[in-house]
Structures are given as C-alpha cells and as structure tokens.
Amino acid sequence: MKKHFSARAKWLIAIAVLLAMGITVFHAVSSRRPGQTVVQTILAPFRSAGSTLVRQVERYYDYVFQYESLQAENKALREQIMAMEEDVRSADSLQRENERLHQLLGLVEEHRDYHPTSAYIISWNGSNWKSAFTIDKGTSSGIEEGMVAITEYSQVVGLVTEAGPNWATVTTVLDSVLGISASVASSGYTGKVEGALATGSEGLLRMNYLPTDSVLRNNDQVLTTGSTVYPRGLIIGYITDAGFDETGVAKYALLRPAADLDNLEQVFIITHYENN
Amino acid sequence: MLSHLHITARQWKTGLKWTLYAALFLLTMVFQTVILAKHPILGLKLNPVPLLIVCVCVREGPEGGGLFALLASLFWCLSGADYGNLSVAILPAGAILSAVLCRAVLTMRFFPTFLCCLAVSLLHDSVIYALKLLLAAGRPSYYTETILPSVLLSMILMPPVYLLVKAVHKTGGSYDL
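Just so we're clear, the structure is a prediction, and the values are computed from it rather than from any experiment.

S.K.: Mind showing me how you'd approach the overall build of chain B here?
M.R.: When helices and strands are counted, chain B shows seven helices and zero strands. Along chain B, helices (α) and strands (β) appear in the sequence α-α-α-α-α-α-α when read from the amino end. Computed over the C-alpha atoms, the radius of gyration of chain B is 17 Å, within 12% of the 16 Å expected from 2.2 N^0.38 for a compact globule of 177 residues. Structurally, chain B occupies a C-alpha span of about 60 × 35 × 25 Å along its principal axes. Across chain B, the fraction of contacts at a sequence separation of at least 24, relative to all contacts at a separation of at least 6, is 70%.

S.K.: When you look at the pairing of strand β4 (residues 156-163) of chain A in this model, what are you seeing that I'm missing?
M.R.: If a strand is regular, its side chains alternate between the two faces of the sheet. Residues and elements named next belong to chain A. The buried fraction of β4 amounts to seven of the eight residues, a majority that puts the element mostly inside the structure. From the end of strand β3 (residues 148-150) to the start of β4, which pair antiparallel, there are five residues, and Ser154 there has a positive phi angle of about 65°. Relative to strand β5 (residues 168-172), β4 runs antiparallel, the two sharing five bridges. Looking at β5, one finds that Ala163 is bridged to Ala168.

S.K.: How should the interface of chain B and chain A be read in this particular structure?
M.R.: Many descriptions give the size of an interface as the accessible area lost when the pieces come together. Taken together, the contacts link 44 residues of chain B with 41 residues of chain A. Residue assignment for the side of chain B that touches chain A shows that the elements contributing at least two residues are α1 (9-36), α3 (64-78), α4 (84-104), α5 (110-134) and α6 (141-154) of chain B. With 10 residues, the single largest contributor to the side of chain B that touches chain A is α4(B). Of the residues belonging to the side of chain B that touches chain A, the class tally is 27 nonpolar, 10 polar and seven charged.

S.K.: Teacher, can you tell me more about the pairing of strand β11 (residues 251-257) of chain A here?
M.R.: Residue and element names in this part refer to chain A. Counting buried residues in β11 gives five out of seven residues, a clear majority hidden from the surface. Of the strand pairs in this sheet, strand β8 (residues 205-210) and β11 are connected by four bridges, and their pairing is antiparallel. The partner of Arg206 across the bridge, within β11, is Leu254. Relative to β11, strand β10 (residues 235-244) runs antiparallel, the two being bridged by seven bridges. Residue pairing for β11: Phe244 is matched across the bridge by Lys251. Connecting β10 to the next strand, β11, in antiparallel fashion are six residues, including Gly248 with a positive phi near 80°.

S.K.: For this particular structure, what's the right way to read the sheet that holds β8(A)?
M.R.: What links the strands of a sheet is backbone hydrogen bonding, and the strands pair in either a parallel or an antiparallel sense. What the six strands build is a closed barrel, ordered β6-β7-β8-β11-β10-β9 (chain A); its pairing is antiparallel. This sheet shows a mean twist of 40° between the axes of neighbouring strands, independent of strand direction.

S.K.: What's the story with the nonpolar core in this structure? I'm lost.
M.R.: One recurring pattern in soluble globular proteins: nonpolar side chains tend to sit buried together. Within the largest apolar cluster, 55 residues are counted, with the highest numbers of intra-cluster contacts made by Val170(A), Ile236(A) and Val267(A). Counting residues per element, this core draws most heavily on β4(A), which supplies five residues. Counting only domains with at least three residues in this core, you end up with domain 2 (37-173 + 265-270) and domain 3 (179-258) of chain A. Those residues within four positions of Val267(A) in sequence are excluded, and the remaining contacts are Ala119(A), Ile121(A), Ile135(A), Ala149(A), Ile150(A), Thr151(A), Val157(A) and Val170(A). Counting residues in each nonpolar core, the second largest holds 48 residues, with Ile13(A), Val30(B), Val34(B) and Val56(B) among its members.

S.K.: Quick question: what am I supposed to make of the packing of helix α2 (residues 49-60) of chain B against helix α7 (residues 158-172) of chain B here?
M.R.: How two helices sit against one another is set out by the angle between their axes and by the gap between those axes. All names here are of chain B. Two elements in contact, α2 and α7, have axes separated by 10 Å at closest approach and are oriented at 40°. In terms of orientation, α2 and α7 fall into the oblique class. Seen from above, α2 lies across α7 with right-handed handedness. Between α2, through Leu51, Leu52, Cys55, Val56 and Arg59, and α7, the contact on the second element is made entirely by Met158, Val161, Tyr162, Val165, Lys166 and His169. The residue makeup of the contact of α2 with α7, split by class, is eight nonpolar, one polar and two charged.

S.K.: Explain α4(B) here, please?
M.R.: Because an α-helix completes one turn every 3.6 residues, residues spaced three or four positions apart along the sequence face the same direction. Its 21 residues give α4(B) an end-to-end C-alpha distance of 30 Å, which sits within 8% of 30 Å, the value for a rise of 1.5 Å per residue. With 17 of 21 residues buried, α4(B) lies mostly within the body of the structure.

S.K.: Could you clarify how one ought to interpret the confidence of the model for chain B in this entry?
M.R.: Do not read the fine detail of predicted coordinates wherever pLDDT is low. Residues and elements named next belong to chain B. Residue-level pLDDT values for chain B average 86, and 93% of them are 70 or greater. When mean pLDDT is taken per element in chain B, α2 scores highest with 93 and α6 scores lowest with 87. This prediction of the complex comes with two scores: 0.71 for pTM and 0.74 for ipTM.

S.K.: When you look at the environment of Val161(B) in this model, what are you seeing that I'm missing?
M.R.: All names here are of chain B. With respect to the secondary-structure elements, Val161 resides in helix α7. Classification of Val161 as buried rests on a count of 24 C-beta atoms within 10 Å. Sequence-wise, Val161 and Val49 are 112 residues apart; in three dimensions their C-alpha atoms are separated by 9.5 Å. Contacts of Val161, omitting those with residues within four sequence positions, involve Pro48, Leu51, Leu52 and Cys55.

S.K.: Help me out: how do you make sense of unusual backbone geometry in this one?
M.R.: Excluding glycine, residues mostly have negative phi values, and the peptide bonds linking residues are mostly trans. Positioned with a positive phi, Tyr209(A) is a non-glycine residue whose angle comes to about 60°. Relative to the helices and strands, Tyr209(A) resides in strand β8.

S.K.: Hey, could you run me through the environment of Met207(A) in this one?
M.R.: All names here are of chain A. Mapping Met207 onto the fold places it in strand β8. What makes Met207 buried here is the crowd of 26 C-beta atoms within 10 Å. Sequence spacing of Met207 and Ile239 is 32 residues, and the spatial spacing of their C-alpha atoms is 8.9 Å. What Met207 contacts, discounting residues up to four positions off in sequence, is Ala182, Gly191, Val193, Val222, Tyr252, Ala253 and Leu255.

S.K.: I'm lost on the packing of helix α1 (residues 7-30) of chain A against α3(B) in this one. Help?
M.R.: In contact at an axis separation of 9 Å, α1(A) and α3(B) are set at 10° when each is read in the N-to-C sense. Relative to α3(B), the element α1(A) lies roughly parallel. When α1(A) is examined against α3(B), the residues Ala9(A), Leu12(A), Ile15(A), Ala16(A), Leu19(A) and Ile23(A) are found in contact with a partner set consisting of Gly66(B), Leu67(B), Leu70(B), Leu74(B) and Cys77(B). Grouping the amino acids of the contact of α1(A) with α3(B) by side-chain chemistry returns 10 nonpolar, one polar and no charged.

S.K.: For this particular structure, what's the right way to read α1(A)?
M.R.: Taking 1.5 Å per residue, 24 residues should reach 34 Å; α1(A) reaches 34 Å between its end C-alpha atoms and fits that length. Looking at α1(A), one finds that the buried residues are Ala9(A), Leu12(A), Ile13(A), Ala16(A), Ala20(A) and Ile23(A). Against α3 and α4 of chain B lie the buried residues of α1(A).

Each value, and the rule that gives it
- Per chain, residues are indexed from 1 in the order of the written sequence.
- Chains carry letters from A onward and ligands carry numbers from 1 onward, assigned in written order.
- Given that this is a predicted model, residues contribute local features only at a pLDDT of at least 70 and side-chain atom pairs are listed and counted only at 80 or more, while totals for whole chains, interfaces and linings are drawn from all residues.
- Every helix listed is a DSSP run of H or I at least four residues long, and every strand listed is a run of E at least two residues long, numbered separately from the N terminus.
- The globule rule is 2.2 Å times the number of residues to the power 0.38, and the radius of gyration it is compared with is taken over C-alpha atoms.
- The contact criterion used here is simple: two residues whose C-beta atoms, placed from the backbone, lie within 7 Å are in contact.
- Working definition of burial: number of other C-beta atoms within 10 Å of the residue's own, with buried at 20 or more, exposed at 12 or fewer, and partly exposed in between, all C-beta atoms being placed from the backbone.
- Paired strands are those between which DSSP finds at least two bridges.
- In this count, Pro and Cys sit with the nonpolar residues alongside Ala, Val, Leu, Ile, Met, Phe, Trp and Tyr, while Asp, Glu, Lys and Arg are called charged and the others, Gly among them, polar.
- Orientation is described by axes fitted as lines to C-alpha atoms, over the contacting stretch for helices, and by angles from 0 to 180 degrees between their N-to-C directions.
- Take the buried Ala, Val, Leu, Ile, Met, Phe, Trp, Tyr and Cys residues, join any whose C-beta atoms are within 7 Å, and the set you get is a nonpolar core.
- Domain extents, as shown, originate in an automatic or database domain assignment.
- An angle counts as roughly parallel when it lies under 35 degrees, as roughly antiparallel when it exceeds 145, as roughly perpendicular when it falls between 65 and 115, and as oblique in every other case.
- By convention the crossing between two helices is left-handed if the near helix lies anticlockwise of the far one by an angle smaller than a right angle, and right-handed if it lies clockwise.
- Multiplying 1.5 Å by the residue count of a helix minus one yields the expected span of that helix.
- Confidence scores here are pLDDT values: one per residue, from the predictor, ranging 0 to 100.

As structure tokens, then:
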C-alpha cells in the first residue's frame, strides 16, 4: 500500500488542507472566498443555459399533457391544435410572464418608491443546509448585496447575499441566517422572523420574541415592519402554529411562507426604495 | 496535423481525456444546481459531485486523479458551495485515499468504487454536520432524518457517474499507437 501512496499524493493532500485553511481564513476576514466572483461569473452562462433548457423541457411537458387532454376531449380540433402548437408553447410562457408583470405594475403603482428589477432563477443551492438560489442578473443590472427579492404579489422571497457582474445569490427567507423585523397585521404584535431550516420545522418560518400575552390566530398575515433593508408592508407569511419558546417568557409563531418558493421562476429585486 | 502542432498522439489523447473529465464535472455541477437542487427527491437534495471526484481519482490514480480532485473541489468551493472550504480538504484527501486503497487492497471495479464513494460522501457530510452541531446551527436528529438519507439516496447516481467516468477514461486508454 505504501508504494501507491507516493510523495506527490501526500503533497496534494497537504496542499488541499492548506488551501482549505487559507480559504477559511480569507472567508472569515472578507466574507467572500478568493476568486469566487471569477468562478461564479464563468459558471453563470452555463447555469443560465441549463436552466433555460430545463424550462423549455418543462413547458414542453406541460404542453404535451394539455394537448393529450384536449385530444381526448375533442378530436376534431387536432389539426388546428397542431398548427397552433408553436404559438401555444410561446404564448404560454408569455402569458405567465405577462401575468407577473401585470401584478408587478400594480405593485409599482401602489408603491411608487419601489424600483424593481426582474430576474430569472438559474440555479439552486445543492446543500441540505442552505436555502438559496442564483439569479441571472448582477451588479451590471444594478443589483447589489443587501437588496430584497420579492414576488409580483409583494411577498418576501429573500435577500441578495452575494453579487457578481452577471449573477447574484439570493438567500431565501427559509434559511436560518436571515432575520426580519415583522409584525402581525391584524394585531400589531412585533417580533423577529427567522428561517427554520435544519431546526425541525423545515419549510416554515419562525417568528420569535412575541409578547407572552399575545393572542395569535391561524392564517394571520405577518408583514415586514420596515427597516433600512426591508421596505414596510411586504408579506412574509401566515401563522400556522404558536407556542411558548424555550425560556417560557416569550411566545413564538410558526409561519407558512407567503411566497411559493418551490415553484419560483422569476423574482423581482427592489434596487431602490424610499425609506419612510 | 498533430506533428505540425508538436503534439504526439498520446498527448492529444491525454488532453482530450482531461478536457472530457472537466466537461463532465461542469455538467454534473450544473445538473446538481439546476435540476437536483430545484426538484429534491423525497425532500432530499442529492449530491453527485463527490461521487464524480472519487470515481475519477480511483480511475486515474492518486497523483493525476488527486490533482483533478483538488482542482475540482476548489472550483466547487468557489462556485458558492455551502461549506465548500471543508470540501477542498475532505474531497481530495478522501479521493486520494480511495485511489490508494483501491489500487493496493481492492480493485477498480464498480463495487469497491461504490464503497469508496459512499465512505467519502458520508465523511464529507458528517464533518459538515459535526461543525454545524458545534456551532449550534443544527439539531442532532437532522443527521438521521436528512443527512444520512441524502447521502444514501445520492448513491443511486453512482452507476451513471461510474459508467461515464469509465467511458471517458477509455478515450485516453491504451497508448499503443
């Protein structure tokens, strides 16, 4: 076994350990890994192409499914449907985009101080420890770290935590690293909403530091209270459960996120807003 | 043409082989982050990257394969992988040890490679879990509920990864030209 374990192999292991230590120290000091922007920038077109391909396949699959039911329903329309095949496929995606932009228009009219930039999701974080995704726009489109990602319905999706020229990473509200000042819309109780990833309530949010005597009801809407990062009045989620925390002096509530994170395709990044 | 470029047929084949390995790695990364991470199976995100790194290292040996493992892990870390800095140390070390073990004690066939991949993936995720636990960012049962099933379920990707690596290895295969 010793003859297979050459000096060069030992050197490689030593270099790997030293590199890991170096990256850890650099990451701790600058909150970014050396060369990360370069690698992410190189990867972004590949991810974008992959995600476009997947979207096309999904659309085609949806189309085929719809087409089969139509065929069973009315055979006489088959030829007409075949002729419109291409139109339907593209119209389907355009309609979805139109609906999102229509909703966004309403949002922008309601909040004239918002300056949203739309972006498509090109990849998701592969770890079971983190809930984050990469979008196809970055600093060249005015997106920077600390900007909020929302849906067209004013639902909070997450926060931009890293940004490069043509990509940005959005950490979702489900991730336990984010903390958002929030209030219960119906009663005004305030607290801090955090992701419950890896804490036993996966897929949910946890609103901490609620008053002991607070009365919480299921499906109560929870909104952002407004801060330098999060604009006021964005929807975070809906209460599904409540109880006393480990200390017994405060209450907590579990929330279902308002945004449907599993089926997100497009998000809107608020690049600027008036902080009233 | 090759002689005009001062490249021997052997160097050409070797270059082609490593280019294909790099392309396979890139494809695996994109597959993981674009498809597997968006569509978890049974609520678990599968991780084929360690499998590919170990397979290549076992096939190419502790030196050439080890260098590939180091560079691939570094690229994986810099692409924004969660706790990627740990991967830079664990994956090359695990892959090199697997390659040495397969050459000295086991064989380079499917089952020994499968066991090595399982061991390295388990070690990789366990170390991250231990660190999370140490930082009080995780709960003990998360290991049995998510981490262990995720590693085991990731092994369903082992046969295609193994066959692809074997096919790429053959492109550089015999140098008797």
